[in-house]
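The residues making up each chain are set out below.
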Amino acid sequence: MHPSYPAIYQPPADWTSYLTFLNPLNLVQQYIAWGSLLTLITILIHVIFAIGILMDASRMRSTGGRTFVAPGWIWALATLLGGVIPVLAYWLIHHSSLRAITPPWVAAREKASERK
């Protein structure tokens, strides 16, 4: 024991305890543990977004609207599989200011009826 350091700062007699984090099996276990945690968080986020899209699609249907491109359950399935990218697409199509006030097919039908 070095006389100038308190006992709490003294290295252990067996230096291998400091090197356990370099053990390849320990590194694999840590990688698996962190990977599993990130996978669970990702799955949870996908499920939460999918439930939100299903609820929004059903709210739109109950107020007389409808989803564009696909039914709500397809959007939810795409969110479960694709994550944030389908959520962004859903939001852009249904809720952003980029969306047309009237759907294109309705506008085309109205324009065609005006010409007659």
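Parameters at a glance
- Residues numbered from 1 in each chain as written.
- Predicted model: local features only at pLDDT ≥ 70, side-chain atom pairs only at ≥ 80, totals over all residues.
- Heavy atoms only, no water.
- Salt bridge = Lys/Arg side-chain N within 4 Å of Asp/Glu carboxyl O.
- Helix = DSSP H or I, 4+ residues; strand = E, 2+ residues; numbered from the N terminus.
- Buried < 20%, exposed > 50% of the residue type's maximum accessible area, 1.4 Å probe, protein only.
- Core = buried A, V, L, I, M, F, W, Y, C linked by side-chain atoms within 4.5 Å.
- Axes fitted to C-alpha atoms, helices over the stretch in contact; angles between N-to-C directions.
- Contact = heavy atoms within 4.5 Å.
- Nonpolar A, V, L, I, M, F, W, Y, C, P; charged D, E, K, R; others polar.
- pLDDT = per-residue confidence, 0-100.
- Phe/Tyr/Trp six-rings, centres within 6.5 Å; stacked < 30°, edge-to-face > 60°.
- Arc of directions from axis to C-beta.

Topic: the pattern of salt bridges
Piece 1. Under the defined criterion, the tally for this structure stands at 1 salt bridge.
Piece 2. Residues Asp56 and Arg59 are paired through a salt bridge, measuring 2.6 Å at the closest nitrogen-oxygen approach. Placement of both Asp56 and Arg59 in helix α1 (residues 24-62) is noted, with a separation of 3 residues, approximately one turn of the helix.
Piece 3. A relative accessible area of 41% places Arg59 in the partly exposed class.

Notes on the nonpolar core
Piece 1. Listed in full, the 7 residues of the largest apolar core are Ile53, Ala57, Met60, Ala70, Trp75, Val87 and Tyr90.
Piece 2. Of the residues forming this core, the biggest block, 3 residues, is contributed by α1.

Considering the packing of helix α2 (residues 72-82) against helix α3 (residues 84-94)
Piece 1. At a closest axis distance of 6 Å, the pairing of α2 and α3 adopts a crossing angle of 145°. Taken together, the residues of α3 that come into contact with α2 (itself represented by Trp75, Ala78, Thr79 and Gly82) are Val84, Ile85, Pro86, Val87, Ala89, Tyr90, Ile93 and His94.
Piece 2. Across the contact of α2 with α3, the residue classes tally to 9 nonpolar, 3 polar and no charged.

Some words on the confidence of the model for the protein
Piece 1. For the protein, mean pLDDT is 81; residues scoring 70 or higher make up 74% of the total.
Piece 2. When pLDDT is averaged over each element of the protein, α2 comes out on top at 95 and helix α4 (residues 104-115) at the bottom at 76.

Section: the packing of aromatic side chains
Piece 1. If you walk through the whole model with that rule in mind, you get 1 aromatic pair.
Piece 2. Summarising the aromatic geometry, the rings of Trp75 and Tyr90 are spaced 5.4 Å apart at their centres and angled 70° between planes, so their arrangement reads as edge-to-face. Of the two residues, Trp75 sits in helix α2 while Tyr90 sits in helix α3, which places them 15 residues apart along the sequence.
Piece 3. By relative accessible area, which is 8% here, Trp75 ends up buried.
Piece 4. For Tyr90, a relative accessible area of 4% gives the class buried.

Things to note about the side chain of His94
Piece 1. The residue His94 is located in helix α3 in this model.
Piece 2. The exposure class of His94 is buried, given its relative accessible area of 4%.
Piece 3. With sequence-adjacent residues up to four places away left out, His94 is seen in contact with Met60, Arg66, Thr67, Phe68, Trp75 and Arg99.

What to know about unusual backbone geometry
Leaving glycine out, the prevailing phi sign among residues is negative, and the prevailing peptide bond configuration is trans.
Piece 1. Phi angles above zero are rare outside glycine, and Val69 is one such case at about 75°.
Piece 2. Structurally, the position occupied by Val69 is in the loop between α1 and α2.

A closer look at α2
Piece 1. Buried within α2 are the following residues: Gly72, Trp75, Ala76 and Thr79. Taken down its axis, α2 places every buried residue within 100° of arc, on the same side. Summarising the geometry of α2, the exposed residues directed more than 90 degrees from the buried face are Trp73 and Leu81.
Piece 2. Gly83 sits one or two residues past α2 and shows a positive phi near 80°.

Considerations on the environment of Trp73
Piece 1. Relative to the helices and strands, Trp73 resides in helix α2.
Piece 2. By relative accessible area, which is 56% here, Trp73 ends up exposed.
Piece 3. Once the C-alpha coordinates of Trp73 and Met55 are considered, the two residues, 18 residues apart in sequence, prove to be 9.9 Å apart.

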